[in-house]
Amino acid sequence: MIEDPILLNDWHPIAKSSDIPEATILPARLLGEDLVIWRMNGEVRVWQDLCVHRGTRLSLGHLKEDRLECAYHGWTYNADGECVKIPAHPEQKPPVKAKVRTYRVKESYGLVWVCLGEPSRDVPPFEEWGDPSFRKVCCGPFRYRASGTRAVENFLDVAHLPFVHEGILGERAHAEIQDYEVEQTEEGIVARNVRIWQPDPDGTGVAKDVTYTYKVFRPLTMYLSKDTVAGRFSIFASVCPLSEFDSVAWFWIAMNYGKEIPEEEMIRTQSLITQQDIPVVESQRPERLPLDLQAELHLRSDRIAVAYRKWMKELGLSFGTS
């Protein structure tokens, strides 16, 4: 497991809640740590995927009542991760140190969030989640063989839209990016009045002039909203760092219009856009995002990225950066 306190003490999504039904065991990975996720009696638990006896993956095991049994020798752990049964020696009380490492877990926005350390704050806010006028659709997970910081900066980069997503989110003939505002606030980075013309910004097939607002709540959690004459389209997104150069992204789309658009079409469009981004992000070098602003060239249209890099440097983020 990595030693970056900024990410260790933050919340990260590792699975959809719906992918973990009752009496289910699944393996997962976060920050180089192998995890086991299991649900029993409606509650999700996330532990280190390691039996303390001989190091077998607990994700290979079995659930019995409110306990998890290791597949190798049947060592059985209660809901708190304590070994309560050693079948080879039923008369022996398991030693106190026979306990699995357990982690804090929350279910928010239909995702399972995990913190491997001591949470510095709550799960990041998703302002449209509690608003019934917005329809919410989950897209992902999307795998990036790249650092999470590179994936986040791509999400924030408006100037690539007319080229990587031509015909959907931009056109080469309308590639100019007008000036916009960026500031660092208590909640993170906020960029306002980011304006661009888009052929199909929301899956409706209608070209629109849109105005973006971008927010970065945490090093790997971000948000955008587009205001159009039809209404508001927003995306809440978070990147789960499996390891330094292997990441998974989750996207929640929220719209207060376009109720007639099939959910499958919304997912298909977001998947297409993300699959266009992935090879570009995976190709970037250096693999670690440079926090030294002298390392790469920056233009006025890169203000969001510059602010993000400055903030990461101030926080002291080392994972996925250089």
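None of these values were measured; they are calculated from a predicted model.

Engineer: When you look at the overall build of the protein in this model, what are you seeing that I'm missing?
Structural biologist: A tally of helices and strands in the protein yields five helices and 17 strands. Whereas a compact globule of 322 residues would reach a radius of gyration of roughly 20 Å, the protein reaches 22 Å, a difference of no more than 12%. Looking at the protein residue by residue over its 322 residues, the buried ones come to 53%. Residue pairs at least 24 apart in sequence account for 56% of intrachain contacts in the protein once pairs closer than 6 positions are excluded. Put simply, the protein shows about 14,600 Å² of open surface, and 49% of that area lies on carbon and sulfur atoms.

Engineer: Even after reading the chapter, I still don't get the environment of Gln-198, so can you show me in this structure?
Structural biologist: Tracing the chain through its elements places Gln-198 in strand 13 (residues 188–198). The contacts of Gln-198, once residues within four sequence positions are left out, are Leu-161, Ile-168, Leu-169, Gly-170, Ala-207, Lys-208, Val-210, Tyr-212 and Lys-226. Reaching out from Gln-198, the side chain makes a polar contact with the backbone oxygen of Leu-169 at a distance of 3.1 Å. A polar side-chain atom of Gln-198 sits 3.2 Å from a polar atom in the side chain of Lys-226.

Engineer: Can you help me understand the sheet that holds strand 7 (residues 76–77) in this one?
Structural biologist: Adjacent strands of a sheet pair through backbone hydrogen bonds, lying either parallel or antiparallel. Strand order in this open sheet of four strands is 5-6-7-8, and the pairing throughout is antiparallel. In this open sheet, the two strands that pair with only one neighbour each are strand 5 (62–64) and strand 8 (83–85).

Engineer: Which parts of the structure should I look at to understand the nonpolar core?
Structural biologist: Nonpolar side chains in soluble globular proteins tend to be buried together. Counting residues in each nonpolar core, the largest one holds 84 residues, and the members touching the most others are Ile-14, Tyr-144, Phe-155, Leu-156, Tyr-214 and Phe-251. Among the elements that make up this core, the one with the highest residue count is strand 17 (residues 246–255) (eight residues). When residues no more than four places from it in sequence are discounted, the contact partners of Leu-156 are Tyr-214, Val-216, Met-222, Ile-304 and Tyr-308. Among the nonpolar cores identified, the runner-up in size contains 16 residues, and Val-36, Cys-51, Cys-70 and Cys-83 belong to it.

Engineer: Could you clarify how one ought to interpret unusual backbone geometry in this entry?
Structural biologist: Apart from glycine, the bulk of residues carry a negative phi angle, and the bulk of peptide bonds sit in the trans form. The peptide bond linking Gly-140 to Pro-141 adopts the cis configuration, its omega dihedral lying at 10°. With respect to the element layout, Pro-141 can be found in strand 11 (residues 135–144). The backbone of Ala-23 shows a phi angle near 60°, a positive value even though the residue is not glycine. By the element assignment, Ala-23 lies in the loop between strand 1 (12–16) and strand 2 (24–30).

Engineer: Could you clarify how one ought to interpret the packing of aromatic side chains in this entry?
Structural biologist: Any two aromatic rings considered together are summarised by their centre-to-centre distance and by the angle between their planes. Applying the stated criterion across every chain yields a total of 15 aromatic pairs. A centroid spacing of 5.1 Å and a plane angle of 85° characterise the contact between Trp-38 and Trp-47, whose relative ring orientation is edge-to-face. No difference in accessibility class separates Trp-38 from Trp-47, as the two residues are buried. Consider the rings of Tyr-109 and Trp-129, whose centres lie 5.6 Å apart with planes at 65°: the pair is edge-to-face. Pair noted here: Tyr-109 is in the loop between strand 9 (102–108) and strand 10 (111–115) and Trp-129 is in the loop between strand 10 and strand 11, with a separation of 20 residues, a long-range link. Its relative accessible area of 13% is what places Tyr-109 among the buried residues.

Engineer: Which parts of the structure should I look at to understand the state of the cysteines?
Structural biologist: Joining two cysteines, a disulfide is a covalent bond between their sulfur atoms. Under the defined criterion, the tally for this structure stands at zero disulfides. Note on Cys-83: no disulfide assigned, nearest cysteine sulfur contributed by Cys-51 at a separation of 7.3 Å. Here Cys-83 falls in the buried class, since its relative accessible area comes to 7%. The thiol of Cys-115 is not disulfide-bonded; the next cysteine sulfur, from Cys-240, is found 12 Å away. Residue classification places Cys-115 among the buried residues on the basis of a relative accessible area of 1%.

Rules used throughout
- Residues numbered from 1 in each chain as written.
- Predicted model: local features only at pLDDT ≥ 70, side-chain atom pairs only at ≥ 80, totals over all residues.
- Heavy atoms only, no water.
- Helix = DSSP H or I, 4+ residues; strand = E, 2+ residues; numbered from the N terminus.
- Rg over C-alpha atoms; globule rule 2.2 N^0.38 Å.
- Buried < 20%, exposed > 50% of the residue type's maximum accessible area, 1.4 Å probe, protein only.
- Contact = heavy atoms within 4.5 Å.
- Areas by Shrake-Rupley, 256 points an atom, 1.4 Å probe, with all protein chains shown as cover.
- Polar contact = N/O pair within 3.5 Å; in protein donor to acceptor, adjacent residues only side chain to side chain.
- Pairing = 2+ DSSP bridges.
- Core = buried A, V, L, I, M, F, W, Y, C linked by side-chain atoms within 4.5 Å.
- Phe/Tyr/Trp six-rings, centres within 6.5 Å; stacked < 30°, edge-to-face > 60°.
- Disulfide = S-S within 2.5 Å.

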